[in-house]
Amino acid sequence: MADFAWSLGSPSLRLGVTGLSRAGKTVFITALIHNLTHGGRLPMFEPWRAGRLLGADIRPQLHPDVPTFDYRGHVRKLTDARVWPDSTRQISELRLTIAYESATFLGRSLGRGKLDLDIVDYPGEWLLDLPLLSKDYRAFSSETLERGREPRRTAIAADWLAHTSGVDPLGPADDEAAGRLHELFAAYLGAARGGSLALSMVPPGRFLMPGDLAGSPALTFAPLDLPESGEAPRDSLWALMESRFEAYKDVVVRPFFRTHFARLDRQVVLVDVLAALNGGREALVDLEMALGEILGCFRPGRSSWLGQVLTRRIDRILFAATKADHLHHASHDRLELILRRLTDRAIARASFSGAEVDVKALAAVRATREATVRRNGESLPCILGVPQEGELLDDHLYDGKEEIALFPGDLPDNPQALFRPPEAGEPGFDALRFLRFRPPPLEVTAEGVSLSLPHIRLDRALDFLIGDRLA
Ligand SMILES: Nc1nc2c(ncn2[C@@H]2O[C@H](COP(=O)(O)OP(=O)(O)OP(=O)(O)O)[C@@H](O)[C@H]2O)c(=O)[nH]1
Ligand SMILES: [Mg+2]
């Protein structure tokens, strides 16, 4: 009923901005709003090119009990302090009302067109919980322990695994024991996500970003080494952990997805391919697995929980490799190819029936410029920018002030090469190095007007995601 009543208002479009943590969701949403409200340069966005875009305003969002996306705060940080927004800790929402002139005679005769664009921002870690919904505690435990025993994870998982193997699942339901196990497990997840490993498969997501639920029983569980068969005896540690795992799904995970994902019309899936490339082959394979599991949950129909909950059909999905400004534009096609390779299987398996799918490399905020540098008689396509304070390259620590020209390395023509060990003579991952740059200074015109945030292909993304709804 609510959905029906809602659809009676002015035309609206709910855009899902999906992505793992640090993929670039908050920056993407901020840049999108900034460009639409500040007359950004969007030549590949048809309504802009045709001069039909009349303006955009931020309006109160749909859910009165959800915080408003702190657009102004984020812009201030980006443009005044030239620092990126902090990692998102809670959900927020925003409605942007876009005014346009219709492209058709009939449309124009009906007056100005209006589209309400609803966007939600949330901590990317929470997305990792979607695949948990189809798993029971036994499956969660065995998968998680198995993953922890993989060679790349052994060093960081050692303490937690050693402690787990000394715990008897059939022992008494001891709250303190559960707490200790949880602590070690959460520390392991944090280490897998952070540091140089940059792994993606680190559920449950709220363990990394608990928000105000920190310390609650629903967030105080961990996997156990369970007997091959049988059920949890009453009052056992196993039963306690199992009930908390189920509570986590029921009271934490499902309500979030039901409220904020069920009505999506369009979706942009942001993927930080470059961070995975920095992390090496294992990080890339891990990212592929995480994307596969998550996208599988969007499969329409009865076979997945989310599929049953989706009340609208998502008819367009854009997969975007973010932060393309870390590369010279000559490499953007290759970046797109890698993303295609990363998501191909997931897209095929999820069979987004009928949805139009596109893949693009973009930068919501372009932090670099391009230059060609000659070195040893060779021309290298470089990028110019100010590395963030604390970035390290070849033992040089950057102070956040110095501008440099960087040749980040060549991406392979054939993305397949990244997913298997390199052959003789082939450059490995080590040849690639991406630094994080500070947001760019805003250009000011001779009249003293500051221009909107520069971007790469944000206009194409907009055209695909909402262009047809402004026709
Ligand atoms: N150069 C460049 N860096 C970007 C861009 N977008 C994001 N980044 C970098 O990526 C980081 C993460 O971006 P966010 O938008 O905060 O990522 P998020 O998906 O909201 O992350 P969570 O809130 O942790 O889920 C930023 O701090 C920037 O360092 C971009 O367009 N260009
Ligand atoms: Mg964020």
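Along each chain, residue indices are assigned from 1 in the same order as the chain's sequence is written. Following the order in which they are written, the chains are lettered starting with A and the ligands numbered starting with 1. Local features are withheld for residues below a pLDDT of 70 in this predicted model, meaning they are given only at 70 or higher, and side-chain atom pairs are given and counted only at 80 or more; totals for whole chains, interfaces and linings count all residues. Working from all heavy atoms in the structure, the side-chain values ignore hydrogens and water.

1. Let's talk about the overall build of the protein chain
1) Next: Helix and strand counts for the protein chain come out as 14 helices and twelve strands.
2) Next: Per-residue burial over the protein chain gives 54% buried out of 471 residues.
3) Next: Residues scored as charged are limited to Lys and Arg (positive) and Asp and Glu (negative), so that His and the chain ends carry no count. By convention, the point assigned to a charge is CZ for Arg, NZ for Lys, CD for Glu and CG for Asp. Counting 57 positive and 64 negative side-chain charges, the protein chain places the averaged centre of each group 5 Å from the other. Numbering of helices and strands starts at the N terminus; helices are DSSP runs of H or I of at least 4 residues and strands are runs of E of at least 2. Each residue is placed in one exposure class: buried if its accessible area under a 1.4 Å probe, protein chains only, is under 20% of its type's maximum, exposed if it is over 50%, and partly exposed if it falls in between.

2. Notes on the nonpolar core
1) Next: Side-chain atoms within 4.5 Å link the members of a nonpolar core, which is a set of buried Ala, Val, Leu, Ile, Met, Phe, Trp, Tyr and Cys residues. In this structure, L224, M241, F257, F261, V273, L277 and L335 are the most contacted members of the largest nonpolar core, which totals 87 residues.
2) Next: A per-element tally of this core places helix α9 (residues 237–261) first, with eleven residues.
3) Next: Core analysis: the second largest hydrophobic core is formed by 41 residues, L42, L117, L458 and L462 among them.

3. Brief notes about the domain arrangement of the protein chain
1) Next: Segmentation of the chain into domains, including their bounds, is taken from an automatic or database domain assignment. When cut into domains, the protein chain gives domain 1 (10–123 + 257–365 + 456–470), domain 2 (128–254) and domain 3 (369–431).
2) Next: On a C-alpha basis, the centres of domain 2 and domain 3 stand 38 Å from each other.

4. Some details on the side chain of S200
1) Next: Structurally, S200 is set in the loop between α8 (175–193) and α9.
2) Next: The contact partners of S200, leaving out residues within four places of it in the chain, are L20, L128, R193, D286, L287 and A290. Should any heavy atoms of two residues lie within 4.5 Å, those residues are counted as being in contact.

5. Quick word on the site of ligand 1
1) Next: Taken together, the neighbourhood of ligand 1 is formed by 21 residues, with K25, S87, T88, G124 and D325 sitting nearest.
2) Next: Interatomic distance of 2.7 Å between a side-chain N/O atom of D325 and a nitrogen atom of ligand 1.
3) Next: V365 has a polar backbone atom sitting 2.9 Å from a nitrogen atom of ligand 1.
4) Next: Surface exposure here means Shrake-Rupley accessible area, sampled with a 1.4 Å probe, where a residue is shielded only by the protein chains that are shown. Relative to its unbound accessible surface of 640 Å², ligand 1 loses 97% to contact with the protein.
5) Next: Gly is placed with the polar residues, together with every amino acid not listed as nonpolar (Ala, Val, Leu, Ile, Met, Phe, Trp, Tyr, Cys and Pro) or charged (Asp, Glu, Lys and Arg). For the shell around ligand 1, the class distribution of residues is nine nonpolar, eight polar and four charged. Here a residue is near a molecule or strand as soon as one of its heavy atoms is found within 4 Å of it. Think of a polar contact as two N or O atoms within 3.5 Å of one another; within protein, one of them needs to be a possible hydrogen donor and the other a possible acceptor, and neighboring residues in sequence only count if both atoms come from side chains.

6. Considering the packing of helix α7 (residues 154–165) against α8
1) Next: Each axis is a line fitted through C-alpha atoms, and for a helix only the stretch in contact is used; angles between axes span 0 to 180 degrees, taken between their N-to-C directions. Between α7 and α8, whose axes approach to 8 Å, the crossing angle comes to 160°. The angle between α7 and α8 places the two elements in the roughly antiparallel class. As for the relative orientation of α7 and α8, their crossing is left-handed in sense. Taking contact as the criterion, the partners of I156, A157, D159, W160, H163 and T164 in α7 are, on α8, R180, L181, L184, F185, Y188, A191 and A192.
2) Next: Of the residues assigned to the contact of α7 with α8, the class counts are nine nonpolar, two polar and two charged. Any angle that is under 35 degrees is reported as roughly parallel, and any over 145 degrees as roughly antiparallel; angles of 65 to 115 degrees are reported as roughly perpendicular and all others as oblique. A crossing counts as left-handed when the near helix is turned anticlockwise from the far one by less than a right angle, and as right-handed when that turn is clockwise.

7. Let's talk about the pairing of strand β6 (residues 316–321)
1) Next: When you tally the buried positions in β6, you get six out of six residues, the bulk of the element.
2) Next: Burial along β6 is two-sided: the residues R316, L318 and A320 and I317, F319 and A321 are all buried.
3) Next: Pairing of strand β5 (residues 266–271) with β6, which is carried by six bridges, proceeds in the parallel orientation. Within β6, the residue paired with V271 across the bridge is A321.
4) Next: Strand pairing is defined by DSSP finding a minimum of two bridges between the two strands. Of the strand pairs in this sheet, β6 and strand β7 (residues 356–361) are connected by six bridges, and their pairing is parallel. What sits directly across from A321, in β7, is A361.

8. Considering the packing of helix α2 (residues 25–37) against helix α14 (residues 458–466)
1) Next: Where α2 meets α14, the axes come as close as 11 Å, and the angle between the chain directions of the two elements is 90°. One finds that α2 runs roughly perpendicular with respect to α14. In contact with F28, A31, L32, N35 and L36 of α2, α14 contributes L458, L462 and L465.
2) Next: Along the lines of polarity and charge, the residues of the contact of α2 with α14 split into seven nonpolar, one polar and no charged.

9. Let's talk about the coordination of the magnesium ion (ligand 2)
1) Next: The magnesium ion (ligand 2) binds to the protein through T26 (OG1) and T88 (OG1), with metal-donor distances spanning 2.0 Å. You can see T26 sitting in helix α2 and its partner T88 sitting in the loop between α4 (71–81) and β3 (92–100), a full 62 residues away along the chain.
2) Next: For T26, a relative accessible area of 8% translates into the label buried.
3) Next: According to the relative accessible area criterion, T88 is buried, its value standing at 16%. Metal-coordinating donors are taken as N, O and S atoms lying within 2.8 Å of the metal, or within 3.2 Å when the metal is Na, K or Ca; because water is left out, some sites can appear incomplete.

10. Observations concerning the environment of L53
1) Next: Along the polypeptide, L53 turns up in strand β2 (residues 53–59).
2) Next: Among residues more than four places away in sequence, those in contact with L53 are L36, F45, P47, W48, I98, A99 and L470.

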